[in-house]
Amino acid sequence: MNLDQLRYIVEIAKTGSISKASKNLYISQSALSQSIDQLEEEVNLKLFVRDTNGSRTTIEGLRIVDHAQSVLKAMSNLKAEARQLQDEKFLSFKLGVSNELFAPFAYEINQFQKKNPNFLLSIVEENTKDIIQAVEDQELDLGFIVINQAHYALLQNLKFTYCLPAQFRLYMSKDHPLAKKKEISIADLKAQKFVLFKDEYIDDFVKFFEMKYGSLKVSIRTTAFKLVLDTLRNNQSISVIRDTQFNNNLNRIVMDDLLSFDLSHIYPDHFALGWISNPKRKFMQLENEFVEALNQGLKRVGK
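Residues numbered from 1 in each chain as written. Predicted model: local features only at pLDDT ≥ 70, side-chain atom pairs only at ≥ 80, totals over all residues. Heavy atoms only, no water.

The line we're drawing: UniProt positions are given in the numbering used here, feature names are shortened, and annotations may be inferred rather than shown by experiment.
As recorded in an unreviewed UniProt entry, the protein chain goes by the name HTH lysR-type domain-containing protein, listed as coming from Aerococcus sanguinicola. Quoted verbatim from the Sequence similarities (unreviewed entry) field of the UniProt record, the comment on the protein chain reads "Belongs to the LysR transcriptional regulatory family."

Rendered as structure tokens:
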């Protein structure tokens, strides 16, 4: 008994004809009949009854065919697993991360690659819209984004897995003149200079505020987040930043120098942080383990 013979009996049972089965299997009818005769002799059972209408599977044959299908399925799974193990020898993975959301993952990535040195990771920091498009086009394997309700429609072709909430807060030095206030007013914001991180949602905040309340004094717009923090520490400006951008290890060093105020009475928008993936992209076991490792970093941020 061999795998070819198992494929033969499954195909004959399926088609009900040795003639049709031989065509589907690309084997001569005589060779197929001979192979089946040998198998029936080996198992000492009649698997098929042949007549002018074709080949009918016997009761015993049905049970043998059922087992044959199980064996063939198991063999297919074994081969698939072997291919995956080969692929995992050098697995390239492309991750897109929204601006300034990478820090919580640094430790987990380092530890994961120590255990899996052949896991080749490429990280791209981009704005949310570009990451969404790249994941949809399968140029990125996975994205970690921040998104608000106004942009949820962009996710219609993707799977979104919610992780954490986020909101804008007003940050400043503890020595800033506004620091002693209980609540920040519109007039307070209009009177101060802002240093802003260049971010699509912060741009939306500025547009919203200026349309509704008048202009803001934005002295610095930058993609250098450290410059924003240093300017705040030097008591020169205030800034609007998502709270999650501060809740990570890389910025913890300056946390004691700054304080924040709620802005929901002025700008009630809220955000969600989460993973996006393309439903067409099937993840292998090692890739799922990598995502789970990154989720450990997010649990620290959420505490």
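1. As for the packing of helix H2 (residues 18–25) against helix H3 (residues 29–43)
Put simply, the test is: Only C-alpha atoms enter the line fits that serve as axes; for helices the fit covers just the stretch in contact. Angles between N-to-C directions range over 0 to 180 degrees. Numbering of helices and strands runs from the N terminus; a helix is a DSSP stretch of H or I covering at least four residues, while a strand is a stretch of E covering at least two. For classification purposes, angles smaller than 35 degrees are called roughly parallel, those larger than 145 roughly antiparallel, those between 65 and 115 roughly perpendicular, and all remaining angles oblique. The criterion used for residue contact is that any of the two residues' heavy atoms lie within 4.5 Å.
At a minimum axis distance of 9 Å, the contact between H2 and H3 shows a crossing angle of 105°. The angle between H2 and H3 places the two elements in the roughly perpendicular class. Residues Ile-18, Ser-19, Ala-21, Ser-22 and Leu-25 of H2 touch H3, and the partners they reach there are Gln-29, Leu-32 and Ser-33.

2. A short note on the environment of Gln-296
This is how the line gets drawn: Pairing of N or O atoms within 3.5 Å defines a polar contact, subject to two protein rules: one partner must be a possible hydrogen donor and the other a possible acceptor, and residues neighboring in sequence count only if both atoms are side-chain atoms.
Within the fold, Gln-296 resides in helix H10 (residues 285–302). It is 37 Å that separates the C-alpha atoms of Gln-296 and Ser-219, two residues lying 77 residues apart in sequence. Reaching out from Gln-296, the side chain makes a polar contact with the side chain of Glu-292 at a distance of 2.9 Å.

3. A word on the packing of aromatic side chains
Defined as follows: Here is the rule: rings of Phe, Tyr and Trp (six-membered ring for Trp) pair when centre to centre is within 6.5 Å. Planes less than 30 degrees apart are stacked, more than 60 are edge-to-face, and the remainder are tilted. Here's how the labels work: a residue is buried when its accessible area is under 20% of the maximum for its type, exposed when over 50%, partly exposed in between, all with a 1.4 Å probe on protein chains only.
Counted under the stated rule, the structure contains 19 aromatic pairs. Ring centres of Phe-168 and Phe-205 lie 6.0 Å apart, and the angle between their planes is 65°; this geometry places the pair in the edge-to-face category. Of this pair, Phe-168 sits in strand E6 (residues 159–173) while Phe-205 sits in helix H8 (residues 200–213), and the two are 37 residues apart along the sequence. Across this residue pair, the class does not change: Phe-168 and Phe-205 are buried. Aromatic pair Phe-209 and Tyr-213: ring centres 5.0 Å apart, planes at 50°, arrangement tilted. Of the two residues, Phe-209 and Tyr-213 are both situated in helix H8; the distance of four residues between them amounts to about one turn of the helix.

4. Re the confidence of the model for the protein chain
What counts, and what does not: Summary of the metric used: pLDDT quantifies the predictor's per-residue confidence within the range 0 to 100.
Model confidence for the protein chain is summarised by a mean pLDDT of 87, while 92% of its residues fall at 70 or above. Mean pLDDT across the elements of the protein chain bottoms out in H10 (82) and peaks in helix H7 (residues 186–191) (95).

5. Details of the domain arrangement of the protein chain
Note the cut-off: Domain delimitation follows an automatic or database domain assignment.
Considered domain by domain, the protein chain is made up of domain 1 (3–82), domain 2 (89–166 + 272–302) and domain 3 (168–269). Each of domain 1 and domain 2 has a C-alpha centre, and these two points are 46 Å apart.

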